[in-house]
Amino acid sequence: QVQPVESGGGLVQAGGSLRLSCAAAGSIFSINVMGWFRQAPGKQRELVASITRAGRINYADSGKGRFTISRDNPKNTVYLQMNNLKPEDTGLYYCNVEYSSGSVIWGQGTQVTVSS
């Protein structure tokens, strides 16, 4: 499978916002779940949010009330709107795509840095 393409990371001050995008390859019904994970320096990769093709959403506690995940199925694209960012949100954000075939493909990651 082709690696998904992420965009939207960057440097922002605490309290600011960023919107991440991830475009995946495949037909409209080939992707089950799309999600975002992040990895801070020295820490394990952790789930940020995920969304199924039917629209079922799961958020990590750290992002509830601040992050919004959405998905455009015809475009195989998932978005993560991040508001009121905190320094602890800093990390490398990875897109994760689970295909109906069972394959799981990761993006290369996009850096998010939140300054205090």
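Only a predicted model underlies this, so the values are computations on that prediction, with no experimental measurement involved. (Residues numbered from 1 in each chain as written. Predicted model: local features only at pLDDT ≥ 70, side-chain atom pairs only at ≥ 80, totals over all residues. Heavy atoms only, no water.)

Draft legend 1. Structural view of the packing of aromatic side chains. For the structure on display, the rule yields two aromatic pairs. Aromatic side chains Phe 37 and Trp 106 sit 4.9 Å apart centroid to centroid with 70 degrees between the ring planes, which places their arrangement in the edge-to-face category. In this pair, Phe 37 sits in strand 4 (residues 31-39) while Trp 106 sits in strand 10 (residues 104-106), placing the two residues 69 residues apart along the sequence. Overall, the relative accessible area of 30% leaves Trp 106 in the partly exposed class. (Phe/Tyr/Trp six-rings, centres within 6.5 Å; stacked < 30°, edge-to-face > 60°. Helix = DSSP H or I, 4+ residues; strand = E, 2+ residues; numbered from the N terminus. Buried < 20%, exposed > 50% of the residue type's maximum accessible area, 1.4 Å probe, protein only.)

Draft legend 2. Quick look at the nonpolar core. The biggest cluster of nonpolar side chains holds 24 residues, and the ones touching the most others in it are Trp 36, Val 78, Leu 80, Met 82 and Tyr 93. Elements with a contribution of two residues or more to this core: strand 3 (18-23), strand 4, strand 5 (46-52), strand 7 (67-72), strand 8 (77-82), strand 9 (91-99) and strand 11 (110-115). Per element, the largest residue contribution to this core is four residues, and it comes from strand 9. (Core = buried A, V, L, I, M, F, W, Y, C linked by side-chain atoms within 4.5 Å.)

Draft legend 3. Representation of the pattern of salt bridges in the model. Across all of its chains, the model carries four salt bridges by this definition. Put simply, Arg 38 and Asp 89 hold a salt bridge, and the shortest N to O gap is 2.9 Å. Here the residue Arg 38 occupies a position in strand 4, and Asp 89 occupies one in the loop between strand 8 and strand 9, the gap between them amounting to 51 residues. We note a salt bridge from Asp 89 to Arg 66, for which the minimum N-O separation is 2.7 Å. Of this pair, Asp 89 sits in the loop between strand 8 and strand 9 while Arg 66 is found in the loop between strand 6 (57-59) and strand 7, placing the two residues 23 residues apart along the sequence. The exposure class assigned to Asp 89 is buried, which follows from its relative accessible area of 1%. Residue class for Arg 66 comes out buried when judged on its relative accessible area of 9%. Taken together, the salt bridges that share partners define one network made up of Arg 38, Glu 46, Arg 66 and Asp 89. (Salt bridge = Lys/Arg side-chain N within 4 Å of Asp/Glu carboxyl O.)

Draft legend 4. Highlighting the sheet that holds strand 3. What the four strands build is an open sheet, ordered 1-3-8-7; its pairing is antiparallel. Edge positions in the open sheet fall to strand 1 (5-7) and strand 7, since each of these has one partner strand only. Going across the sheet, the axis of each strand differs from the next one's by a mean of 15 degrees, ignoring polarity. The pairing of strand 1 with strand 3 spans three bridges and is antiparallel. Bridge pairing in strand 3 places Glu 6 opposite Cys 22. (Pairing = 2+ DSSP bridges. Axes fitted to C-alpha atoms, helices over the stretch in contact; angles between N-to-C directions.)

Draft legend 5. A look at the pairing of strand 7. In strand 7, alternate side chains face the same way, and those of Phe 67, Ile 69 and Arg 71 are buried while those of Thr 68, Ser 70 and Asp 72 on the opposite face are not. When strand 7 meets strand 8, the two strands line up antiparallel, connected through six bridges. Looking at strand 8, one finds that Ser 70 is bridged to Tyr 79. A loop of four residues connects strand 7 with strand 8, the two strands running antiparallel in sequence, and Asn 76 in this loop sits at a positive phi of about 50 degrees.

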